[in-house]
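Chain and residue survey
This is what each chain is made of:
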Amino acid sequence: MRAVVQRVDGASVVVAGETVGAIEGEGLCVLVGVTHDDTPEKAARLAGKLWSVRVLADEKSCSDVNAPLLVISQFTLYGDARKGRRPTWNAAAPGPVAEPLVDEVVHRLRELGAHVETGRFGADMRVSLTNHGPFTVLIEV
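The notes below deal with the structure included here. As the structure is a computational prediction, the values presented were derived from the model and not from experiment.

With respect to the overall build of the protein chain
Each helix and strand counted, the protein chain has three helices and five strands in total. Compactness check: the protein chain gives a C-alpha radius of gyration of 15 Å against a globular reference of 14 Å for 141 residues, within 12% of the reference. Dimensions of the protein chain, computed from C-alpha atoms along their principal axes, come out at roughly 40 × 35 × 25 Å. Looking at the 141 residues of the protein chain, the share that counts as buried comes to 41%. Of the contacts formed within the protein chain by residues at least 6 apart in sequence, a portion of 73% connects residues at least 24 apart. Carbon and sulfur atoms provide 48% of the accessible area of the protein chain, an area that totals close to 7600 Å². Charge separation in the protein chain, taken as the distance between the mean sites of 15 positive and 18 negative side-chain charges, equals 8 Å.

With respect to helix α1 (residues 40-52)
With 13 residues, α1 should reach 18 Å at 1.5 Å per residue; the first-to-last C-alpha distance of 18 Å fits that figure. Three or more residues of α1 are buried, namely Lys42, Ala43, Leu46, Ala47, Leu50 and Trp51. Buried residues in α1 make contact with β1 (2-15), β2 (18-33), α2 (62-65), β3 (69-73), α3 (95-111) and β5 (125-140).

Quick word on the nonpolar core
Counting residues in hydrophobic clusters, the biggest one holds 29 residues, and the most contacted among them are Val30, Leu50, Leu69, Val71 and Leu109. For this core, the secondary structure elements donating two or more residues are β1, β2, α1, β3 and α3. Per-element accounting of this core gives the leading share, six residues, to α3. In contact with valine 71, other than residues within four places in its own chain, are Val30, Val32, Val102, Val106, Leu109, Val116, Glu117, Thr118 and Gly119. Core analysis: the second largest hydrophobic core is formed by 12 residues, Val4, Val8, Cys29 and Met125 among them.

Observations concerning the pattern of salt bridges
Once their charged atoms are close, side chains differing in charge can pair, the charge on each being opposite to the other. Going through the model one piece at a time under the given rule, you end up with eight salt bridges. Residues lysine 42 and aspartate 37 are paired through a salt bridge, measuring 4.0 Å at the closest nitrogen-oxygen approach. Among the residues examined, aspartate 37 registers a relative accessible area of 53% and is labelled exposed. For arginine 126, the salt bridge goes to aspartate 124, with nearest N and O atoms at 2.9 Å. Take arginine 126: its relative accessible area is 52%, and that puts it in the exposed class.

Observations regarding the state of the cysteines
Overall, the coordinates contain zero disulfides when judged by the stated rule. We note that cysteine 29 lacks a disulfide partner, and the nearest cysteine sulfur, in cysteine 62, lies 11 Å from it. Exposure remark for cysteine 29: the relative accessible area of 0% places this residue in the buried category. The class for cysteine 62 is buried, based on a relative accessible area of 0%.

Re the sheet that holds β1
Read from one edge of the open sheet, five strands run β4-β3-β2-β1-β5, paired in mixed fashion. The outermost strands of the open sheet, each flanked by one partner alone, are β4 (116-118) and β5. Going from strand to strand, the sheet's axes swing by 30 degrees on average, the running direction of each strand aside. For β3 and β4, the ladder comprises three bridges, and the chain directions are parallel. Paired with leucine 70 across the two strands is glutamate 117, which belongs to β4.

Definitions and cut-offs
Residues numbered from 1 in each chain as written. Predicted model: local features only at pLDDT ≥ 70, side-chain atom pairs only at ≥ 80, totals over all residues. Heavy atoms only, no water. Helix = DSSP H or I, 4+ residues; strand = E, 2+ residues; numbered from the N terminus. Rg over C-alpha atoms; globule rule 2.2 N^0.38 Å. Buried < 20%, exposed > 50% of the residue type's maximum accessible area, 1.4 Å probe, protein only. Contact = heavy atoms within 4.5 Å. Areas by Shrake-Rupley, 256 points an atom, 1.4 Å probe, with all protein chains shown as cover. Lys, Arg positive; Asp, Glu negative; His and termini not counted. Charge placed at Lys NZ, Arg CZ, Asp CG, Glu CD. Expected span 1.5 Å × (residues − 1). Core = buried A, V, L, I, M, F, W, Y, C linked by side-chain atoms within 4.5 Å. Salt bridge = Lys/Arg side-chain N within 4 Å of Asp/Glu carboxyl O. Disulfide = S-S within 2.5 Å. Pairing = 2+ DSSP bridges. Axes fitted to C-alpha atoms, helices over the stretch in contact; angles between N-to-C directions.

Have a look at this one:
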């Protein structure tokens, strides 16, 4: 599993004109990609990492300050554009594999006590955010 994590001062996801997920104030916007060999155990590890990684102000984590997370599925994180002009998506897991694992990340975060908002799997989403820093890191498990 791969996640692009952005420290934000608010973020939202809109699908067909409707806001389906939003966080306010300091938190994390997390784009999650799933590949073929990912497992529920990896999803749990990623959730633990997201909840405890110290990337907020004053080197705090979401768990330290109860900061919210906006989690959005993003199959393009496993795109490969090394050859030609058109990316391939061969490394991205198909929807029936990926969706339950993204849901598992969200479920595990909520079990840890996190306030989590989400996008809508497979939808044409419009993501808006204010990147604080800017600060963006890649996490792989």
